[in-house]
Amino acid sequence: MELRHLRYFCAVAEELNLTRAAQRMHMAQPPLTRQIKQLEAELGTALFRRHTRGLVLTPTGQFFYEHALQILEKVDTTVAATRRLARSGKQLLGIGFVPSIFYSELPVLIRQLRQKEDIELTLSELTTIQQVQALKAGRIDIGFGRLRIDDPEVEQEVLFDEPIIAALPRGHALAQSPPTLAQLAEVPLIVYPGTPRPSYADVVLGLFRRRGLKVTVIQEANELQTAIGLVASEMGFTLVPEQVKRLQRDDIAYVPLAEGHITSPILCSRRREPPSELLCHVDALLRPLVDRHRQG
């Protein structure tokens, strides 16, 4: 299957008429008909129902159309961005990050990098697992996450450890003083992200499991903001890195844990190869920010 097959299919799906679709694609109708039949044969399903008034997408055809559109839009955006980058003569720097890192030093680093006129930044919100995959595929150059990953092609460095705190509905009985994990285990737990796994959710669950505590997961959220919103609706509690408390809400209480030694690492992930001049520049900007955080 090639991109042209997707373009042919989308044209037919939008016109619902082979003659008009062929005219739109500047080709004759018989070759277009053959391409659609070949695509259906490859997928093993009918994409259209044919009747006297034209064509109608089948349920599988509608599903394939929606995803084909996303693929073509992504390709077109990537091609346009590549051409724009080539014209500008800038260096491309891809950064992956987990959302909770965006409440601390990362925005400062991004502001500093944006001041460099010869750098074109692309930012991608990715779990640590996704960052490792993106690094190996060359889609990003550096990642900031919280999960230790053992991969021979990627190296990770702990920048600093951050205390984990509880997010509880304001007014909750356990929000009056630092709760223990045993006390929190009696309250329904909201974890994030739900997918893909393993993730920070498994780090949180591991804290209870290693202490022999059984906790009830009432909801898995894919985003930090969603998890906080569910806490505000009094569905339960969640555990978050300390810097998330900068996300102030009137209906949320951020409370330190009685076990004050429980932390989450902030990890910097890179490909296991000699750093480029650009990555050396990123490292030179990053070090003072890390030192400032360690010094409080």
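Everything that follows concerns the structure shown earlier in this document.
Values in this document were obtained by computation on a predicted structure and should not be read as measured data. (Residues numbered from 1 in each chain as written. Predicted model: local features only at pLDDT ≥ 70, side-chain atom pairs only at ≥ 80, totals over all residues. Heavy atoms only, no water.)

Student: Where do I start with empty space enclosed by the protein in this structure?
Tutor: Empty space among the atoms becomes visible once a probe the size of a water molecule is rolled across them. If you walk through the whole model with that rule in mind, you get one cavity of 30 Å³ or more. The calculated volume of the largest cavity comes to roughly 110 Å³. What lines the largest cavity is a set of 13 residues, among which Ile101, Glu105, Leu106, Leu159 and Leu286 lie closest to the centre. Among the elements of the structure, helix H5 (106-114), strand E6 (154-169) and helix H10 (277-294) are those that each provide at least two residues to the lining of the largest cavity. (1 Å grid on protein atoms, 1.4 Å probe; cavity = no way out; pocket = protein on both sides within 12 Å on 5 of 7 lines; lining within 4 Å. Points joined across faces, edges and corners; volume = space filled by probe spheres on them. Helix = DSSP H or I, 4+ residues; strand = E, 2+ residues; numbered from the N terminus.)

Student: What is the right way to read the packing of H5 against H10 from this model?
Tutor: Each packed pair of helices is defined by two parameters, the angle between the axes and the distance between the axes. Interhelical geometry of H5 versus H10 gives an angle of 145° and a closest axis separation of 10 Å. For the crossing formed where H5 meets H10, the hand is right-handed. Here H5 contributes Val108, Leu109, Gln112 and Leu113 to the contact with H10, which in turn contributes His281, Val282, Leu285, Leu286, Leu289 and Arg292. For the contact of H5 with H10, the per-class residue count stands at seven nonpolar, two polar and one charged. (Axes fitted to C-alpha atoms, helices over the stretch in contact; angles between N-to-C directions. Left-handed = near helix turned anticlockwise from the far one by under 90°. Contact = heavy atoms within 4.5 Å. Nonpolar A, V, L, I, M, F, W, Y, C, P; charged D, E, K, R; others polar.)

Student: Looking at this model, I keep getting lost on H10. Mind explaining?
Tutor: One full turn of an α-helix is made of 3.6 residues, so residues set three or four places apart face in the same direction. The terminal C-alpha atoms of H10 lie 26 Å apart, and with 18 residues this matches the ideal 26 Å at 1.5 Å per residue to within 8%. When the local axis directions of H10 are compared, the greatest deviation, roughly 25°, occurs at Leu286, which is followed within four positions by the proline Pro288. Within the sequence span of H10, burial applies to Leu278, Leu279, Val282, Leu285, Leu286, Leu289 and Val290. Buried residues along H10 sit in contact with strand E3 (91-97), H5, strand E4 (119-125), strand E5 (142-145), E6 and strand E11 (263-271). Once H10 ends, the next one or two residues include Gly296, with phi positive near 80°. (Expected span 1.5 Å × (residues − 1). Bend = angle between axes of the 7 residues up to and from the residue. Buried < 20%, exposed > 50% of the residue type's maximum accessible area, 1.4 Å probe, protein only.)

Student: In this structure, what is going on with the packing of aromatic side chains? I would like to understand it.
Tutor: The geometry of an aromatic ring pair comes down to the distance between the two centres and the angle between the two planes. Per the stated rule, a full pass over the model turns up five aromatic pairs. When the ring of Phe9 is compared with that of Phe48, the centres are 5.5 Å apart and the planes differ by 55°; the resulting orientation is tilted. You can see Phe9 sitting in helix H1 (residues 3-15) and its partner Phe48 sitting in strand E1 (residues 48-51), a full 39 residues away along the chain. Residue Phe9 shares its accessibility class with Phe48, and that shared class is buried. (Phe/Tyr/Trp six-rings, centres within 6.5 Å; stacked < 30°, edge-to-face > 60°.)

Student: What is the right way to read the side chain of Thr238 from this model?
Tutor: Within the fold, Thr238 resides in strand E9 (residues 238-241). Within the local environment of Thr238, its side chain forms a polar contact with the backbone oxygen of Ile190, the two atoms lying 2.7 Å apart. Residues within four places of Thr238 in sequence aside, it is in contact with Ile165, Ala166, Ala167, Leu189, Ile190, Tyr192, Ile228 and Val231. (Polar contact = N/O pair within 3.5 Å; in protein donor to acceptor, adjacent residues only side chain to side chain.)

Student: Just checking my understanding: could you explain the packing of H1 against helix H3 (residues 29-43) for this structure?
Tutor: Between H1 and H3, whose axes approach to 10 Å, the crossing angle comes to 105°. Between H1 and H3, the interaxial angle falls into the category roughly perpendicular. On the side of H1, the interface is formed by Arg4, His5, Tyr8, Phe9 and Val12, while H3 contributes Leu32, Gln35, Ile36 and Leu39. Here the contact of H1 with H3 is built from residues that sort into six nonpolar, two polar and one charged. (Parallel < 35°, antiparallel > 145°, perpendicular 65-115°, else oblique.)

Student: It is not clear to me how the pattern of salt bridges should be interpreted in this structure. Could you clarify?
Tutor: Oppositely charged side chains can form a pair if their charged atoms are brought close together. This model, assessed by the stated rule, comprises 18 salt bridges. Ionic pairing is found between Arg197 and Glu220, a salt bridge with its closest N-O pair at 3.4 Å. Taken together, the residues span a long stretch of sequence, with Arg197 in the loop between strand E7 (189-191) and helix H8 (200-209) and Glu220 in strand E8 (residues 217-220) at a distance of 23 residues. Arg270 is the partner of Asp283 in a salt bridge, and the nearest nitrogen-oxygen pair spans 3.2 Å. Of this pair, Asp283 sits in helix H10 while Arg270 sits in strand E11, placing them 13 residues apart in sequence. Connected through shared salt-bridge partners, Glu14, Glu15, Arg20 and Arg24 make up one network. (Salt bridge = Lys/Arg side-chain N within 4 Å of Asp/Glu carboxyl O.)

Student: In this structure, what is going on with the side chain of Thr128? I would like to understand it.
Tutor: Tracing the backbone shows Thr128 in helix H6 (residues 128-137). Residue Thr128 is classed as buried on the basis of its relative accessible area of 6%. Here Thr128 is in contact with Val98, Gly145, Arg146, Leu147, Ile149 and Gln156, once residues within four sequence places are set aside.

Student: I tried to follow the environment of Ser269 on my own but got confused; where do I start?
Tutor: Tracing the backbone shows Ser269 in strand E11. Expressed as a C-alpha distance, the spacing of Ser269 and Ile142, which sit 127 residues apart in the sequence, is 5.8 Å. With near-sequence residues (within four places) excluded, Ser269 lies in contact with Leu135, Ile142, Gly143, Val154, Glu155 and Gln156.

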